[in-house]
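# Coordinate inspection notes
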Amino acid sequence: MQQYAEILEKTRSRKKEIRKLCNVLKTKKPGWMDELFHQTHEHVFDEIDCLNCANCCKTTGPLFTSKDVERIGAYLKMKPGEFTEKFLRIDEDQDYVLKQVPCAFLLSDNRCSIYEVRPKACRDYPHTNRRDMHEIIDLTYKNAFICPAVARIFELIEKKLHK
Ligand code: SF4
Ligand code: SF4
C-alpha cells in the first residue's frame, strides 16, 4: 500500500487524467456508476485506515447543520449559540464551517473527541458509498486531492475501465 501523502502527490500530478475519467463516468448509467464506486469504496477502505490519515479533519472540516450544532452542543454541555460562537464561522455559501483547521476536535492520535456525535458530513465523508454518485462526481473529483481513499478509488476505477 502506497503511503497516503504519496497517493495524494501522484493524484495532483494526474489532474487532467482524473478530470477526463470523471467526464467519461458522467456518460455512464447512474446505477452502474453507483455499483462501481461502492465496490471500489469497500475495497479501498479495507486498505486505508482513517486513523493513519485524518487529512480531511486537518485540512478541510465539515459543514455543520443546525441539528449537528444542537447535538454536539448538548454533548459538550454548551448552548447552540455558545458552540457556534466558539467554534464556527459562516462561509461564502452561508454555511456554518469550522473557524479553523485542523478541526478543534481532532486529537493528537487522529481520533475525533466528539466521534459519537460528530457532524453528519464527517460521518458521510468522502461520500463514495452513497447513492446517485453521478450527482456528486465534481465534488468527488475535488475530494481526490484531499482524501487518499478517493484518490485510490479513482485509480482503481481507471484501471477497471481500461481492462
Ligand atoms: S476519509 Fe479520507 S481524508 Fe479523511 S481520514 Fe479517511 S482517508 Fe483520510
Ligand atoms: S468533528 Fe471529528 S471527524 Fe469531524 S472534522 Fe472534526 S475531528 Fe474530524
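Keep in mind the model is a prediction, meaning the values are calculated, not measured.

## Points about the overall build of the protein chain
Counting its regular elements, the protein chain contains nine helices and three strands. When the elements of the protein chain are put in sequence order from the N terminus, they spell out α-α-α-α-β-α-α-β-β-α-α-α. Expected size for 163 residues packed as a compact globule is a radius of gyration near 15 Å; at 17 Å, the protein chain falls within 12% of this value. With the principal axes as the frame, the protein chain shows a C-alpha extent of 55 × 30 × 25 Å.

## Some points on the site of ligand 2
Taken together, C57, G61, P62, C103, F105, L106, C112, I114, R118, P119 and C122 are the residues near ligand 2. Looking at the shell around ligand 2 residue by residue, the class counts come to nine nonpolar, one polar and one charged.

## Some details on the site of ligand 1
Around ligand 1, the surrounding shell consists of I48, C50, C53, A54, N55, C56, Y125, P126, I146, C147, P148 and A149. Residue assignment for the shell around ligand 1 shows that the elements contributing at least two residues are α4 (55-59) and α9 (148-161). Its residues assigned to classes, the shell around ligand 1 comprises eleven nonpolar, one polar and no charged.

## Remarks on the packing of helix α3 (residues 30-47) against α9
Remark: α3 packs on α9, axes separated minimally by 9 Å, with the N-to-C direction vectors making an angle of 125 degrees. In terms of their interaxial angle, α3 and α9 are classed as oblique. For α3 against α9, the interelement crossing comes out right-handed. The residues of α9 that touch α3, namely those facing L36, F37, T40, H41, H43, V44 and F45, are A149, R152, I153, L156 and I157. Grouping the amino acids of the contact of α3 with α9 by side-chain chemistry returns eight nonpolar, three polar and one charged.

## Focus on the sheet that holds strand β3 (residues 96-98)
Taken together, the three strands give an open sheet; going across it, the order is β1-β3-β2, and neighbouring strands pair in antiparallel fashion. Both edges of this open sheet fall to β1 (63-64) and β2 (88-90), since each of them pairs with a single strand only. Pairing analysis gives three bridges linking β2 to β3, with the strands arranged antiparallel. Its bridge partner being in β3, R89 is matched across the sheet by V97.

## Examining the environment of K79
Mapped onto the elements of the fold, K79 is located in the loop between α5 (66-75) and α6 (80-87). Sequence separation between K79 and Y115 is 36 residues, and the spatial gap between their C-alpha atoms is 19 Å.

## Quick look at the domain arrangement of the protein chain
In terms of domain boundaries, the protein chain breaks down into domain 1 (4-56 + 126-157) and domain 2 (63-117). Between the C-alpha centres of domain 1 and domain 2 there is a distance of 26 Å.

## Looking at α5
An α-helix turns once per 3.6 residues; consequently, residues spaced three or four apart project the same way. All buried positions along α5 are accounted for by D68, V69 and I72. Here the buried residues of α5 occupy an arc of 95 degrees about the axis, which is enough to place them on one side. The exposed set on the far side of α5, more than 90 degrees from its buried face, consists of S66 and K67. Summarising the contacts, the buried residues of α5 are in contact with β1, α6, β3 and α7 (120-124). One or two positions beyond α5, positive phi appears at K77, with a value near 60 degrees.

Rules used in this analysis
- Residues numbered from 1 in each chain as written.
- Chains lettered and ligands numbered in written order.
- Predicted model: local features only at pLDDT ≥ 70, side-chain atom pairs only at ≥ 80, totals over all residues.
- Helix = DSSP H or I, 4+ residues; strand = E, 2+ residues; numbered from the N terminus.
- Rg over C-alpha atoms; globule rule 2.2 N^0.38 Å.
- Near = placed C-beta within 6 Å.
- Nonpolar A, V, L, I, M, F, W, Y, C, P; charged D, E, K, R; others polar.
- Axes fitted to C-alpha atoms, helices over the stretch in contact; angles between N-to-C directions.
- Parallel < 35°, antiparallel > 145°, perpendicular 65-115°, else oblique.
- Left-handed = near helix turned anticlockwise from the far one by under 90°.
- Contact = placed C-beta atoms within 7 Å.
- Pairing = 2+ DSSP bridges.
- Domains from an automatic or database assignment.
- Buried ≥ 20, exposed ≤ 12 C-beta atoms within 10 Å, placed from the backbone.
- Arc of directions from axis to C-beta.

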